[in-house]
Structure formats: structure tokens, C-alpha cells
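# Examining the three-dimensional arrangement
Here is what each chain is made of, one letter per residue.
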Amino acid sequence: QAAWCELPSRALLVLTSQRGVQMYESDGSTMVFWHALDVPELPAAHSVFARGIAAAGGRFICVGTSFGAVLVFDIPPKGTNVTLSEVLEQHRDPITDIAAEQGRAPDGAGDLVTADDSGTLCLWSTGEEFTLLGKIPGSGSTCSSVALWNGIVAAGYGNGQIRLWEAGSGRIRAQVSAHARWIYALDLAPLTGKLLSGAEDSFVHVWKLSRNPDTDDIEIQHCHAECVTDTQVCGARFCDPAGDTFAVTGYDLSEILCYGPA
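For the structure given in this document, a descriptive report is provided here. Fair warning: this is a prediction, and the values are worked out from it, not measured in the lab. (Residues numbered from 1 in each chain as written. Predicted model: local features only at pLDDT ≥ 70, side-chain atom pairs only at ≥ 80, totals over all residues. Heavy atoms only, no water.)

## A short note on the nonpolar core
Among the nonpolar cores identified, the biggest contains 18 residues, and V14, M23, I61, V63, F73, I75 and V82 are the most heavily contacted of them. For this core, the secondary-structure elements that each account for two or more residues are strand 2 (11-16), strand 3 (20-25), strand 4 (31-36), strand 5 (50-56), strand 6 (60-65) and strand 7 (70-74). Apart from residues lying up to four places away in sequence, V63 is in contact with V14, T16, V21, A50, G52, A69, V70, L71, F73 and I98. Core analysis: the next-biggest nonpolar cluster, separate from the first, contains 17 residues, I152, A154, V176 and W207 among them. (Core = buried A, V, L, I, M, F, W, Y, C linked by side-chain atoms within 4.5 Å. Buried < 20%, exposed > 50% of the residue type's maximum accessible area, 1.4 Å probe, protein only. Helix = DSSP H or I, 4+ residues; strand = E, 2+ residues; numbered from the N terminus. Contact = heavy atoms within 4.5 Å.)

## Section: the environment of V14
Within the fold, V14 resides in strand 2. V14 sits 19 residues away from F33 along the chain, and the two C-alpha atoms are 9.4 Å apart. The residues touching V14, leaving out its near neighbours within four places in the chain, are Q1, A2, A3, C5, V21, Q22, M23, I53, I61 and V63.

## Structural notes on the sheet that holds strand 14 (residues 152-157)
One open sheet holds the four strands; their spatial order is 13-14-15-16, and the pairing between them is antiparallel. In this open sheet, the two strands that pair with only one neighbour each are strand 13 (143-149) and strand 16 (172-177). Averaged over all pairs of adjacent strands, the angle between their axes in this sheet comes to 15 degrees, without regard to strand direction. Note that strand 14 and strand 15 (residues 161-166) share five bridges and pair antiparallel. Of the residues in strand 15, the one forming a bridge with I152 is E166. (Pairing = 2+ DSSP bridges. Axes fitted to C-alpha atoms, helices over the stretch in contact; angles between N-to-C directions.)

## Quick notes on the side chain of Q161
Among the structural elements, Q161 can be located in strand 15. Within the local environment of Q161, its side chain forms a polar contact with the side chain of R163, the two groups lying 2.8 Å apart. Excluding residues within four positions of it along the chain, Q161 makes contact with A155, G156, Q175, V176, S177, A178 and I183. (Polar contact = N/O pair within 3.5 Å; in protein donor to acceptor, adjacent residues only side chain to side chain.)

## Here's the deal with the state of the cysteines
Tallying each qualifying case throughout the model produces zero disulfides. Here C5 stays unpaired: no disulfide links it, and the sulfur of C62, its closest cysteine neighbor, is 8.9 Å away. On the basis of relative accessible area, C5 is assigned to the buried category, the value being 3%. Free of any disulfide, C143 has its nearest neighbouring cysteine sulfur in C122, separated by 11 Å. (Disulfide = S-S within 2.5 Å.)

Shown next, in the form of C-alpha cells:
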């Protein structure tokens, strides 16, 4: 995986692989840090990799591993003195995705969510030490992608469902059978609460998340759908903070398709 991690003091390009974690200056010109994964003496059937990247807490970058651990790196305002400050060990299965709060979290809500292959979600509060606020057990389907916005956790699953949870209480608030196949990508537009989902069924959907001001209920509304013909969508991202444009790619596709207002 690859992701730009934007911290208040700097932006870094973070790459994960079967060997470890690489961090570069945002233009890719200089490698800032390299962290190799420890390879335990496991049978060959157990692959080792890092997966799931998120900037959190203003100065940290979190990266998941196939061991179920989340590595927390403390990033200096400049220079290469990156340190591994903490390892979060609450997951028993490989990490699939990590997301940080992109809006304004309600009081008591976590500002980081981690997901794994069993579908388990962990909600964290970041700080000098990361605090586990709650754990949402899996239900037999992999949680392949997560997003976090205004105290709402949006999670996409291998069975094609999108579920919305409260980041404070861990309660489920909505569930949508969004796709016919495995969901591979979720992305959130922080300015508007638009949610983008892409899946193996060749479809990309745009949804709108909101809170009812009278009841505080979490609501989800379908806004738009695109079919990328004969393509298993494996990547989808908004191109702007309002979610007016988005880009999509798929397996065996050497192109990135961009969609915008007509």
C-alpha cells in the first residue's frame, strides 16, 4: 500500500510491503525512514506484510502488520529521527486497514480505528499513549476498509455490506447491502461527509453520511453509482475534500479513471 500522511508539520509518503515500512519526503525524493518487519519462524503458509496506514494524533503515523500489531511511529517536525514509540496489540488477525478522524469527533469518541481480517474493529484515543476505548467483534466477514468522520465509523466488508458504528459507544447505527461482491475501497470527503465505495462487482457508489439534528441518528443516503465495465475495482479515492471528483482503478487495469461533475 501507499499513502500520503499529512501531519501539521510535514507530509510523508508511506509505503508498506512484505519487507517492511518505508517513509519518504512527500515528493518521493528522499527516504526518511525504513522499518524492517521481524520475520518469525513460521511455516511458509504464513505471509509477512505491513498493511493499513494512517496519520494520527498530530505527530504519529500508524501502520498495521500481518501479526495483528499496529506500529506507532513518532514523527519529528523535520529530519530523519523517526522512532517506534508504541506497538498496539489488541488484534489477533492481520490488520486490513486503519483510519483516523477526518472531522470533529464528539466528546468521548475515539479518533483512530483499526480493522482486521476477522472483521474486528478497535477504537482508540490517541495521545502520548494510545488508549483502547472499545472493541467491536467481527461477525465472520473480513473488514477490508474503514473510514472515520465526525464520530462515525464506516466499515466495508467482504460480503459487500457497509456498516456504520458510533466511534464513542461502538453501537451499530446503520447497515447497507451496498455491493454484490467484496468491497475493496472506502474513502471519505471530510468537508461533506460523502462516502465512496468500490468493489469486485465493478461498481463504485457515492453515499452521503449525516447526523439527524433532532434525533442524533446516523443516516446514509445513496447519491451516485458508476459501473466500470468488466473491471474488479480495487482502488477508489476522492480527488478533493468536498467529494466532487473521484478516481478509480481495478485489477489488471493500467489506467486510473477519473470522474467529475457533468
